[in-house]
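Breakdown of the fold
If you want the building blocks of each chain, they are given just below.
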Protein chains: 2
Amino acid sequence: MTESSVPTRVRATLPRGLVDRAPADIAAADAMMAKIRSVYALYGFEAVETPFIEYTEALGKFLPDQDRPNEGVFSFKDDDEQWLSLRYDLTAPLARYVAENFDKLAKPYRSYRAGWVFRNEKPGPGRYRQFMQFDADTVGAASVAADAEICMMAADCLEALGIKRGDYVVKVNNRKVLDGVMEAIGLGGANNAGRRLTVLRAMDKYDRLGADGVRALLGRGRKDESGDFTKGADLGEQQIEPLLQLLNFGTTFDLIQRQEFDSVDVSFPNPFLTPPSEWNPDAYGDPERMRRKAQALQVVNPQNRRYDWSFGFEILGELSLLFEMNQTLAAGIRELAEIEATFQATGFTATLGAEDFVERVRIDPSVVRGLEYYTGPVFEAELTFEVKDEAGRPVRFGSVGGGGRYDGLVARFREEPVPATGFSVGVSRLLAALRAIDSPIVAAAKADGPVVVLALDRDEKSMANTQRLVAALRGAGIAAEMYLGSAGMNAQLKYADKRKSRVAVIQGSNERDAPGGPQVAIRDLKLGAELAKSTKDRADYLELRQRAQFTAPEAELVERVREVLARP
Amino acid sequence: MTESSVPTRVRATLPRGLVDRAPADIAAADAMMAKIRSVYALYGFEAVETPFIEYTEALGKFLPDQDRPNEGVFSFKDDDEQWLSLRYDLTAPLARYVAENFDKLAKPYRSYRAGWVFRNEKPGPGRYRQFMQFDADTVGAASVAADAEICMMAADCLEALGIKRGDYVVKVNNRKVLDGVMEAIGLGGANNAGRRLTVLRAMDKYDRLGADGVRALLGRGRKDESGDFTKGADLGEQQIEPLLQLLNFGTTFDLIQRQEFDSVDVSFPNPFLTPPSEWNPDAYGDPERMRRKAQALQVVNPQNRRYDWSFGFEILGELSLLFEMNQTLAAGIRELAEIEATFQATGFTATLGAEDFVERVRIDPSVVRGLEYYTGPVFEAELTFEVKDEAGRPVRFGSVGGGGRYDGLVARFREEPVPATGFSVGVSRLLAALRAIDSPIVAAAKADGPVVVLALDRDEKSMANTQRLVAALRGAGIAAEMYLGSAGMNAQLKYADKRKSRVAVIQGSNERDAPGGPQVAIRDLKLGAELAKSTKDRADYLELRQRAQFTAPEAELVERVREVLARP
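Since this is a predicted model, take the numbers as computed values, not measurements.

Some words on the interface of chain A and chain B
Where the parts come together, the accessible area they lose is often given as the size of the interface. Contact with chain A, which involves 93 residues of that partner, is made by 92 residues of chain B. Taken together, the two surfaces of chain A and chain B that pack against each other cover about 8,000 Å², and 56% of this comes from carbon and sulfur. On the chain A side of the interface with chain B, the three residues burying the most area are Arg9(A), Val10(A) and Leu484(A), jointly 9% of the side's total. Along the contact surface separating chain A from chain B lie 18 salt bridges.

Let's talk about the packing of aromatic side chains
All chains considered together, the criterion is met by 28 aromatic pairs over all chains. Between Tyr112(B) and Phe134(B), the ring centres sit 6.0 Å apart and the planes meet at 40°, which makes this aromatic pair tilted. Of this pair, Tyr112(B) sits in strand E5 (residues 109-118) while Phe134(B) sits in strand E6 (residues 130-139), and the two are 22 residues apart along the sequence. Comparing Tyr112(B) with Phe134(B) shows no difference in burial state: the two are buried. Pairwise contacts between aromatic rings join Phe52(A), Trp116(A), Phe118(A), Phe52(B), Trp116(B) and Phe118(B) into one cluster. The cationic tip of Arg87(A) hangs over the ring face of Phe52(A); the distance from NZ or CZ to the ring centre is 4.2 Å.

So, the relation of the copies chain A and chain B
The two copies are related by a screw operation: chain A maps onto chain B through 180° of rotation and 0.0 Å of translation along the axis, at an RMSD of 0.1 Å. The transformation relating the two chain copies, once decomposed into turn and shift, fits a two-fold axis. When each C-alpha of chain A is compared by its distance to the rotation axis, Phe76(A) comes out closest, at 3.1 Å. Both copies present the same face, since 99% of the interface residues in chain A are matched by interface residues at the equivalent positions in chain B.

Looking at the packing of helix H14 (residues 460-475) of chain A against helix H19 (residues 557-565) of chain A
In helix packing, the relevant descriptors are the interaxial angle and the interaxial distance, both defined with respect to the helix axes. Residue and element names in this part refer to chain A. Where H14 meets H19, the closest approach of the two axes is 10 Å, and the angle between their N-to-C directions is 60°. Our classification of the angle between H14 and H19 gives oblique. At the point where H14 passes H19, the crossing takes the right-handed sense. Contact residues: H14 offers Leu-469, Ala-472 and Leu-473, while H19 offers Leu-557, Val-558 and Val-561.

Things to note about unusual backbone geometry
Residues and elements named next belong to chain A. Here Lys-107 and Pro-108 are connected by a cis peptide whose omega angle stands at 0°. Relative to the assigned elements, Pro-108 resides in the loop between helix H3 (91-100) and strand E5 (109-118). Here Asp-234, not a glycine, exhibits a phi torsion of approximately 65°, which is positive. Relative to the elements of secondary structure, Asp-234 occurs in the loop between strand E9 (229-231) and helix H8 (237-257).

Digging into the nonpolar core
Tyr40(A) and Tyr40(B) are the most contacted members of the largest nonpolar core, which totals 236 residues. Once residues within four sequence positions are removed from consideration, Tyr40(B) is found in contact with Phe45(B), Tyr112(B), Phe134(B), Asp135(B), Ala136(B), Met153(B), Cys157(B), Phe423(B) and Val425(B).

Some words on the sheet that holds strand E2 (residues 53-55) of chain B
Each strand in a sheet pairs with its neighbour through backbone hydrogen bonds, running either in the same direction (parallel) or in the opposite one (antiparallel). All names here are of chain B. Spatially, E2-E4-E3 is the arrangement adopted by the three strands of the open sheet, whose pairing is antiparallel. Single-partner strands in this sheet number two, and they are E2 and strand E3 (75-77). Pairwise comparison of adjacent strand axes, ignoring direction, gives a mean angle of 35° for this sheet. Sheet topology places E3 next to strand E4 (residues 83-86); three bridges connect them, and they run antiparallel. Bridge pairing in E4 places Ser-75 opposite Ser-85.

Section: the pattern of salt bridges
A side chain with one charge can pair with a side chain of the opposite charge if their charged atoms come near. Applying the stated criterion to the full structure yields 80 salt bridges over all chains. Here Asp78(A) makes a salt bridge to Arg129(B), at a shortest N to O gap of 2.9 Å. Pair noted here: Asp78(A) is in the loop between strand E3 (75-77) and strand E4 (83-86) and Arg129(B) is in the loop between E5 and E6, and the two residues belong to different chains. Of the two residues, Asp78(A) and Arg129(B), neither departs from the other in class, the shared state being buried. The network of salt bridges with common partners includes Glu46(A), Arg110(A), Glu149(A), Arg474(B), Glu481(B) and Arg499(B).

Observations regarding the pairing of strand E16 (residues 503-506) of chain B
Within a regular strand, side chains alternate between the sheet's two faces. Residues and elements named next belong to chain B. Along E16, one buried face is formed by Val-503 and Val-505 and the opposite face, lined by Ala-504 and Ile-506, is buried too. As defined by bridge partners, strand E14 (residues 451-453) adjoins E16 across two bridges and the pair is classed as parallel. Opposite Val-453, over in E16, you have Val-505 as the bridge partner.

Cut-offs and rules
- Residues numbered from 1 in each chain as written.
- Chains lettered and ligands numbered in written order.
- Predicted model: local features only at pLDDT ≥ 70, side-chain atom pairs only at ≥ 80, totals over all residues.
- Heavy atoms only, no water.
- Contact = heavy atoms within 4.5 Å.
- Buried area = accessible area lost by both parts, 1.4 Å probe.
- Salt bridge = Lys/Arg side-chain N within 4 Å of Asp/Glu carboxyl O.
- Phe/Tyr/Trp six-rings, centres within 6.5 Å; stacked < 30°, edge-to-face > 60°.
- Helix = DSSP H or I, 4+ residues; strand = E, 2+ residues; numbered from the N terminus.
- Buried < 20%, exposed > 50% of the residue type's maximum accessible area, 1.4 Å probe, protein only.
- Lys NZ or Arg CZ within 6 Å of the ring centre and 35° of its normal.
- Least-squares fit on C-alpha atoms with pLDDT ≥ 70 in both.
- Axes fitted to C-alpha atoms, helices over the stretch in contact; angles between N-to-C directions.
- Parallel < 35°, antiparallel > 145°, perpendicular 65-115°, else oblique.
- Left-handed = near helix turned anticlockwise from the far one by under 90°.
- Core = buried A, V, L, I, M, F, W, Y, C linked by side-chain atoms within 4.5 Å.
- Pairing = 2+ DSSP bridges.

These figures capture arrangement, not role.
Pasting the structure below:
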C-alpha cells in the first residue's frame, strides 16, 4: 500500500546488446577510420552515406542464420502501413542507392561509407545489436580486377593501421567454386537452391565448430552443448568428404605458411597434398605433379595462359585435379586465376621460393561467407597473430572483415543486371586488434584532460577573475576549464586528477592580491602524484617540489602552463 | 495475365523524410564538426556516445507538438515485449548515461557528442525524419556559470566556423522568467502545468506565425491556411498582452542592434521602451529611468550588486518594472543577471556606448524553446544575416541551435536532483548557413577526383602494366585508379571528367613499346576542357595543347603527374 506512494523511478539502463562509447574508444575509432578513409581515397573511392531506415522490402532478407521472417532485423510500420527496417548491413542500402541514382553516377562507381548497422539477434560477448561497419564497394565493374583491387586495398589498409606483413592475410575464394563443387556432388539445379544455402551456412561454421561439427551439420544434424538439436543438410558421406576437403585447404595452407608442417592433419583424406614431411620449397619442383596440375589448369584456361608457380596456382591446380570439372567450377577457378595474376603483377603475392616470402593476399577455397547474396569472389581479412581468449588460451585473432561480389543485388531494383563487389570492415573487431598489438594509432588517441582552473572564492570579482584566466588559456589554444562545482580545493584537485589533467591553476586571494601584482600558482599534477609517492630523503626532493608547484606572475600564465604541458 | 509473368522489381526509393548524403556534403559536415569539436575540447568537454536505441521509458516524452502517445518517436517491441525507441534527441540518452554511470564520472561532467536522431513526424522542406545534432552538456553544475560558459562556447564555435561577429547572436532567456510572468497573470500552480505548456508552445511559434498568430493561439484558437483549426490556451486579453510584450522584446532589440529604429513597432503596447526616436546612446543616460530600473533590479538582487549598464541589464531592469514581482520571476532575473555579469567579465558582451559595440551573446526574454524539460536558462543561437527564401525574398537565416538547463531530467532515474545544462547544434541547418556565407571550411571540402589510368588493351600483359602504373601513383600518395569498366577510350575520358579528375594517364601499345623505353601520355583534363572551348587562332594554342597532353618516360610518371596536379 505504501509502495504506491513512492514515485516510480525509471531504470537507467540500456537494452541488452547495446553499449555506450567512452572518449578513448571514440578517439581511437575515429583515428582508425581516418586512416582507412585515406587508403580508400588513394584507391579512388569516394564517400557516400545512406540513412539508417529503409523500406523493409528494399533491404531484402539476406542475413545468415535467420530462418523466420523478420528475424535479425528491427522493423516497424510507417504511418502509411508500409514496413520500414533499420539497415542490417551497408550493402543492401548501397544497392538501393545505386539503383535510385543509376544514371547520375559515373560507372564503375567506387564508394565507401562507415556507419552503424543493427541486428535484432541474441547478443553475446563481443556481439552487439548495434555495431559499426566500414564498407568499400565497386559497382558496375564486371571484371574480377575490381575484386582483386578491393583485396589489395584491404591489405594496404591493414598495413596502414600498423599491422605487420605476415600478421594478416586477405583470403579469396569464389562462390562459383563452391557452387561448382556442390554441383559435382549432385546439389546443382534450381530445386537445390535452399539446400545449397544450408550447406554453405554449415561450412561457414568451420572456424567455430571444427571438422566434426560441420560434418554433423552436413549430415543428419548436430546437438550443441545446451542439448539443442540443429537439423543437418542430410548429405551422404561421399558428398560430405569433398566439402570438408575444401575447408581443409585453408587450415593446411595456414600451417604451411607458419612452417608448422608437423601439425598438418594427414589422417584427413587430402589427395591434393603430398605428406607434410615433403612440404618444403624443393617439393614444389616435383615435375610430374606440376605437369598434371598445369594440364588441369589448362582445361579451365582456354587462353593457355602461363602461370608462375605460387600457392594460389598450386591450390587452383589441386582444385582442378580434385573434382569432376563442370562449367561453374571452371568459371570459378578461371576467375581466381585472373585474380591471382593481378596479385602477382602488383607484388601482393610472390612467386614460391622468393626470399622472405610473405603472402598479403591468398587464394583459399575454404572461405565461405554466410551472406546469401554473393555470386562470385568472396574475401575474408584475417589477422594471424595470437591473442589470449577469455580463458587465457592463445587463439588466432581471426577475421576483421570480409566481402565479395554480389552481381544480383542491384538487379533486384532494375531490369538489367549490375555487377558489384565490396568489402566490409568490422570496426570494433579491428579496433580490438589494434589494441592487442598496441598500435600507435590507438595510443595517440589517449589525450590529456584540460587545464583545470580552480574556483576558490565564489564572489563576483573572484569568479570574473577565474573566467578571465580560463579565457586567456583558451585564447592561446590550450584546452582549459573553470571548476564549476561547489566542492573545496582538495576535491577540485581530485576532480582534475580524475579528468587526467596535467595542470591545475590556482589563484586564491593571496596570489591575486600579491604585492608585486597578481600571481598564479601552477601545479604539475603528474609530478605532484610522483612526488607524493617519493621519499623526502631524496637529494632533489626540494627541486622536484618546486617543479611540481610554483607561482608565476599572472601575465606569464600561458607561457608557464605551456612549459609544464611540454614536460615528458 | 501477362503482367504476372513479369518479375516484380523492388522500388529503389527511400521512405519520405529520409535522404542520402553525397561526398561533398559528408566532407563539409565532417570538416565543420571537426572544427566544433576542437572548440568544445578547448572548453574542456570530452566525447561520449550512446546507442541509437533506448528503452522508450528511458527517453520519456518531451517532444513539442506531440499530443498523442508515441507520436514523434519511432518505437518497436523487443523480444521480451519491452518497448524500444530510436532516440529523438541526444539529451534524454545523455541523462540515462549519466544516471547509469553516476559514480564513475568526474563531476561537473562536461561532454559532447554528434549523432543522428529520429523523428516520426510529417517531413517538409528542410525537415527530415533523420537528422544530425551536435550537443554539448555540463551535468552536475548548479551554477549558471555553466550556462554562461555554454553560450560563450556556442559563440566561439560560430566564429571558428567563419561566421563574422555581428552576423550571429546567442540569445539567453530563463524558463523561470516565463514561469514567473505566467504566475503573475494567474497561471501559477501545479493544476495549470498543462496550460503553461500550451502557452509556451504557442509563444514558441512567434517567429513563424507573428504576433497575430500567437495572439490567436493564446486566445480562442487559430485557423491555418489549410482551414485546420488549432484550439487555443483560452487566455483573456489582459493575460495575453504581457506575454506578447515579452516576445516583442526580441524583435525590438534586434531592430535596435541593427540601428533600424524606425521599424520598431510603436503601435504595440511597450511600456518599457521610450519611443524609437529616442533610441540613441544618449537616451540611456536618462537619470530618472535609470534610477527606477536600478531600484527594480535591487529588489531581485539582495547582494546589492552594482551593474554596468548594458542591453542585458536594461532588459532585466525593464522586466523588473513591467511585471508584478514574484519569487519565480525574481529568481529568473537574478540568474540572468549573473549570466550577464559573466558575459561582461569575459568581454562577450560590452558596456553600452563602447565603440564598435557588437553583442555576441544577449539576454532576450522572447526566447522560449519548445521542449518541455527545461527548468532554467534557455538559449538560442541565431544567424542574423539575410538569405533568400524559396520565393527569392530576403529572410533572416535564423536559428542554428539552442538548448537550456534541464535539472529534472537525470533525476527521473535517481533519488536526488542532478543539475544539468546543454546546447544542441542542428548540423544540416548550420551547414546550410556555412554554404550561404561561402565559408572556407565548406569550400575546402571540395576535392579533385583521383588520377584515372586508362585501360586500353585488356590482355594480361597490358592489364598488369596498368596495375603497376596505378600502384606507383598510390605508392607516392597520389589518389589513383585504373578504369575498371568495359568502355573505349573516349568513354573512359568522359568517366574521368565525371569523376572531376584533374589527370588521366594513358599508355597504349605505342607508348609502351616506344623505341627509347616505355612512355606514358599525361593529360590535364581541366586544361583539355579549356582548350576544347578556345579557338585555334590563339597565338599560344600549340603551347597550350602541349601542356594539356604530353608524353613522358614511364619512370617520370609520378613526378610529372604531381606537376599537373600542382597547376592552379
